[in-house]
Amino acid sequence: MAKGNFELLALENPLLDIQGVGDEKLLEKYGLKADDAILAEEKHQGLFEDLIQNYNAVLIAGGAAQNSARGAQYILPEDSTVYIGCVGKDKYGQTLEDINKKAGVKTVYRYDEKAPTGRCGVVITGHHRSLCTDLAAANLYNVDHLKQPEVWKYVEGAKFFYVGGYHLTVSVPAILAIAEHAAANNKTFVLNLSAPFISQFFKDQLDSVLPYVDILIGNESEAAAYAESHDIASKDVKEIAKEIAKLPKKNSKKERTVVFTQGTDATITVTGSEAAEYPVHAISADKINDTNGAGDAFAGGFLAGIVSGDNLKTAVDKGQWLAKLSIQELGPSYPEPKQTYTSS
């Protein structure tokens, strides 16, 4: 297989996942909800140590877009994927770099001298997961790092960009620098809605980036949160996708595509006004290890399809295939030895 040329560049918040199997009592103790994602406040600071001491937590490379970058690279030729974000100068930052290297993802981190590497407490309850993130160094990424010639050259070399919506809380100027470059050069810019709180509390930041978005990815709860904060009356995921698809767009050469996953229900896509549904790859419940990172895996497989020049149907299928593999693993990871994609 010919080597890649770092066609895909991803930007977001590199985190170390501290993942343990918890219970309702643990969720209650820290005011967490199943299948939610929040930023840590003062009251959550004890969670990380609690998971390690009392819930046999494992440490896994996290950060949604970083998981997706590893997922895309799992399918794509060698040297196809580069990932940017900010970590601390500590052992956890080194751990993340090592895991990416093993997965074949090139990291171009900004290293912060003072702040520690960000972490995400992951509480697994049955087939649900609750995420609580202490961004730390990840919150200190800035556009100055991106604009350094040795970093910006990767932006210029890439043809596809993937930004996790979580980065809207960190550096909108960095996102816009990439988005404007993509629009000006007719490259593909992909954004993930990431979590309901992004649409709810970072609406202005999201709205400033959406005109540049060629492909928007999200799930049903993120679609609902978007609709609510943007006065879309419909509760129907397909109708919400249609509304977003027709919003104003900077690069008129490409129609916007909206992709909404719905757990075990069909994945919805809308391009322009064309809607389609793709049933997910069924899997028996006893094979599911945990669902942390399922959405990241879907995005990774989908991106691999887009980068490979696949049609939308195949790209969605690759996303569903990789998500199905990932939920049989621990956390947002992929099986070794490497499996080869076959269409469903």
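Everything numeric in this text was worked out from a predicted model, so none of it was measured.

**Some thoughts on the UniProt feature "active site" (unreviewed entry) in the protein chain**
UniProt annotation of "active site" (unreviewed entry) refers to Asp 296 when read in the numbering used here. Not counting the four nearest positions on each side in its chain, Asp 296 is found in contact with Ala 64, Asn 67, Ser 68 and Tyr 334.

**A few points about the UniProt feature "domain: Carbohydrate kinase PfkB" (unreviewed entry) in the protein chain**
What UniProt calls "domain: Carbohydrate kinase PfkB" (unreviewed entry) maps, in this numbering, to residues 26-338. Within residues 26-338, the helical portion is 40% and the strand portion 23%, while the C-alpha atoms at the span's ends are 35 Å from each other.

**Looking at the sheet that holds strand β13 (residues 265-271)**
Pairing is mixed in the open sheet, where nine strands are placed in the order β6-β5-β1-β9-β10-β11-β12-β13-β14. Edge positions in the sheet fall to β6 (106-112) and β14 (274-278), since each of these pairs with one other strand and no more. Strand-to-strand twist of the sheet, defined as the mean angle between neighbouring strand axes without regard to direction, takes the value 15°. For strand β5 (residues 81-88) and β6, the ladder comprises seven bridges, and the chain directions are parallel. Across the sheet, the residue bridging to Val 87 is Tyr 111, located in β6.

**Looking at the pairing of strand β10 (residues 188-192)**
Counting buried residues in β10 gives five out of five residues, a clear majority hidden from the surface. Side chains Thr 188, Val 190 and Asn 192 of β10 all project onto a buried face; the interleaved residues Phe 189 and Leu 191 project onto the opposite face, where all are buried too. In terms of strand pairing, strand β9 (residues 160-164) meets β10 through five bridges, oriented parallel. From the neighbouring strand, Tyr 162 faces β10, where its bridge partner is Val 190. Chirality of the crossover, the property in question, places the unit of β9, helix α7 (residues 172-184) and β10 among those that are right-handed.

**With respect to the layout of surface pockets**
Estimated volume of the second largest pocket: approximately 410 Å³. Lining the second largest pocket are 18 residues, and of these Arg 70, Ile 99, Lys 102, Ala 103 and Ser 333 lie nearest its centre. Looking at the lining of the second largest pocket element by element, the count peaks at five residues for helix α4 (residues 91-103). In the lining of the second largest pocket, the residues fall into 11 nonpolar, two polar and five charged.

**A look at unusual backbone geometry**
The omega torsion of the bond from Glu 336 to Pro 337 falls at -5°, within 30 degrees of zero and hence cis. Summarising the element assignment, Pro 337 is placed in the segment after α13 (312-326). Although it is not a glycine, Asp 79 sits at a positive phi angle of roughly 60°. Mapped onto the elements, Asp 79 comes out in the loop between α3 (64-75) and β5.

**Digging into the packing of aromatic side chains**
Aromatic rings considered in pairs are described by the distance between their centres and by the relative angle of their planes. By the definition in use, this model includes eight aromatic pairs. Arranged with centres 6.1 Å apart and planes meeting at 70°, the rings of Phe 197 and Phe 202 form a pair that is edge-to-face. We note that Phe 197, like Phe 202, is buried. Here the aromatic residues Tyr 83, Tyr 109 and Tyr 111 are joined through ring pairs into a cluster of three or more.

**Side note on the nonpolar core**
The biggest cluster of nonpolar side chains holds 64 residues, and the ones touching the most others in it are Leu 9, Tyr 141, Leu 146, Phe 189, Val 209 and Phe 260. Of the residues forming this core, the biggest block, eight residues, is contributed by α7. Beyond its immediate sequence surroundings of up to four residues, Phe 189 is in contact with Phe 161, Val 163, Ile 175, Ile 178, Ala 179, Ala 182, Val 209, Tyr 212, Val 213, Asp 214 and Ile 215. In this structure, Tyr 109, Phe 302, Leu 303 and Ala 315 belong to the second largest nonpolar core, which totals 38 residues.

**A look at helix α6 (residues 149-157)**
For α6, every residue scored as buried is listed here: Val 151, Trp 152, Tyr 154 and Val 155. Along the axis of α6, the buried positions cluster into a sector of 145°, meaning they face one direction only. Residues Pro 149 and Glu 156 are exposed on α6 and point more than 90 degrees away from its buried face. In this fold, the buried residues of α6 make contact with β1 (8-11), β5, β6, α5 (143-147), β9 and α7.

Rules and cut-offs
- Residues numbered from 1 in each chain as written.
- Predicted model: local features only at pLDDT ≥ 70, side-chain atom pairs only at ≥ 80, totals over all residues.
- Heavy atoms only, no water.
- UniProt positions renumbered as here; feature names shortened; annotations may be inferred.
- Contact = heavy atoms within 4.5 Å.
- Helix = DSSP H or I, 4+ residues; strand = E, 2+ residues; numbered from the N terminus.
- Pairing = 2+ DSSP bridges.
- Axes fitted to C-alpha atoms, helices over the stretch in contact; angles between N-to-C directions.
- Buried < 20%, exposed > 50% of the residue type's maximum accessible area, 1.4 Å probe, protein only.
- Right-handed = clockwise from strand over helix to strand, strands pointing away.
- 1 Å grid on protein atoms, 1.4 Å probe; cavity = no way out; pocket = protein on both sides within 12 Å on 5 of 7 lines; lining within 4 Å.
- Points joined across faces, edges and corners; volume = space filled by probe spheres on them.
- Nonpolar A, V, L, I, M, F, W, Y, C, P; charged D, E, K, R; others polar.
- Phe/Tyr/Trp six-rings, centres within 6.5 Å; stacked < 30°, edge-to-face > 60°.
- Core = buried A, V, L, I, M, F, W, Y, C linked by side-chain atoms within 4.5 Å.
- Arc of directions from axis to C-beta.

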